[in-house]
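Next come the chains, spelled out residue by residue.
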Amino acid sequence: VREQYDYVLIDCPPVELVADTQIIEKLADRTVFVVRAGLLERSMLAELEKIYEEKNLPSFQNREKENYIIFVGEYLHEYKDNFLKIFAEAVNSKELKGKGCTLKIVGNKNINQKQTEEFVNDLGICNNVEYINHVPQRKLYELIVNAKAAVLIPGHTALWWTNFAKMVDYIALQVPVLAMVPMTSEARTELIKAGIGIFIDTPQQGVTVIKQVFSEKFPMTANKEYCRRYLASQQTKSFIDIFQKIQ
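Residues numbered from 1 in each chain as written. Predicted model: local features only at pLDDT ≥ 70, side-chain atom pairs only at ≥ 80, totals over all residues. Heavy atoms only, no water.

Quick notes on the overall build of the protein
Inference 1: A tally of helices and strands in the protein yields ten helices and six strands.
Inference 2: For the protein, the proportion of its 247 residues judged to be buried stands at 42%.
Inference 3: Contacts spanning at least 24 positions in sequence make up 74% of the contacts within the protein whose residues lie at least 6 apart.
Inference 4: Of the roughly 15,100 Å² of accessible surface on the protein, a fraction of 51% belongs to carbon and sulfur atoms. (Helix = DSSP H or I, 4+ residues; strand = E, 2+ residues; numbered from the N terminus. Buried < 20%, exposed > 50% of the residue type's maximum accessible area, 1.4 Å probe, protein only. Contact = heavy atoms within 4.5 Å. Areas by Shrake-Rupley, 256 points an atom, 1.4 Å probe, with all protein chains shown as cover.)

Topic: the confidence of the model for the protein
Segments scoring low in pLDDT should not have their predicted coordinates read at a detailed level.
Inference 1: Averaged over all residues, the pLDDT of the protein equals 83, while 79% of them reach at least 70.
Inference 2: In the model of the protein, helix α10 (residues 232-246) stands out as the element of lowest mean pLDDT, 59, in contrast to strand β3 (residues 129-132), which has the highest, 98.
Inference 3: Low pLDDT (under 50) marks residues 55-60, which in the prediction has 23 contacts with non-local residues, meaning those over four places away or in another chain. (pLDDT = per-residue confidence, 0-100.)

With respect to the packing of helix α3 (residues 82-91) against helix α4 (residues 109-123)
Inference 1: Axis separation between α3 and α4 bottoms out at 10 Å; the angle between their running directions is 30 degrees. Comparing the axis directions of α3 and α4 gives the class roughly parallel. Pair α3 / α4 crosses with right-handed handedness. Contact residues: L84, K85 and A88 in α3; T116, F119, V120 and L123 in α4.
Inference 2: Considered class by class, the residues forming the contact of α3 with α4 number five nonpolar, one polar and one charged. (Axes fitted to C-alpha atoms, helices over the stretch in contact; angles between N-to-C directions. Parallel < 35°, antiparallel > 145°, perpendicular 65-115°, else oblique. Left-handed = near helix turned anticlockwise from the far one by under 90°. Nonpolar A, V, L, I, M, F, W, Y, C, P; charged D, E, K, R; others polar.)

Details of the nonpolar core
Inference 1: Ranked by internal contacts, the top residues of the largest apolar core, which has 32 residues, are I70, I144, L152, I171 and L191.
Inference 2: Where this core is concerned, the elements lending two or more residues are β1 (68-72), α5 (137-146), β4 (149-152), α6 (165-172), β5 (177-179), α7 (186-194) and α9 (224-228).
Inference 3: Contact partners of I171, with chain neighbours within four places excluded, come to E190, L191, A194, I196, C227 and Y230.
Inference 4: Within the second largest apolar cluster, 31 residues are counted, among which are Y75, I86, L103 and V209. (Core = buried A, V, L, I, M, F, W, Y, C linked by side-chain atoms within 4.5 Å.)

Notes on the packing of α5 against α6
How two helices sit against one another is set out by the angle between their axes and by the gap between those axes.
Inference 1: Where α5 meets α6, the axes come as close as 11 Å, and the angle between the chain directions of the two elements is 65 degrees. Here the hand of the crossing between α5 and α6 comes out right-handed. Residue-level inspection shows Q137, L140, Y141 and I144 of α5 in contact with α6, the latter providing K166, D169 and Y170.

Put into C-alpha cells, the structure is as follows:
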C-alpha cells in the first residue's frame, strides 16, 4: 500500500496489553502513542518517553535467547511436582549440570513459592529456579521472547477443549512451548499448527527435549502466517467478518 497512499495508519491495541504493537512496529516508519488523562499511570509516561527517545519500540525479533525457560501465571496445586521432577533430572544431567540452566516462574510470587518451594528444595534445584513477581506486560513479553522456551503444564488430564490464556501470547510471539497437555486437545492441535509445540508425554521424553532446548539442538520452525492469526488485531478482524456475515 506504500505505492498507493501517501500515509498509512496502523491502529494497534494498547502497548501493555498484547503483543501486536511490538511485532508490527518493525514495519512502521513512526510510532504515535495515544494516552488518556486521568487513566494512564504516571509511571507509564516515563516508559513511553524512553521508547520515544529510542525512536521506536524495542524489536522482539531475532534476539539471542538467554539460558532459561519460563512459566507464566499461577502454579496450581494440581500441577504437583510432575514437571519439576523432569526439569530437575534434565538440569542435573551431565550435559547441563553447572551450566546455569534456569526455570523462571513469573506471577504471584507468594502463591508460586508456596506451591513449589517444598518440591524445589526436595529436588535440589534451588539454584535453578527463580521467582519473579508480577511485571508490566511489556517486560513480560521481553522475558518470554528471550527465553529458550515457554512452559505450559496443565497436565495430560486437563480439559481437552481448553485453550490456555498465555498460550495465545506464546503463539503470537512465536515462542517454542514445552507442553504437558492431553494427547487429544485443542491446545495440542493449535501448538502443532503454529509449529511451536514441544510435547512432553513421558518423563524420559521430557528430560530429552529439555536438554535439547537448552542445548539449542531442537529443530523448530514456527508457522509465522498461522502464528499471526493469534495477534489481537487479526482476531478482531475475524470477529468483524463473522458479525458482518450474520447481519
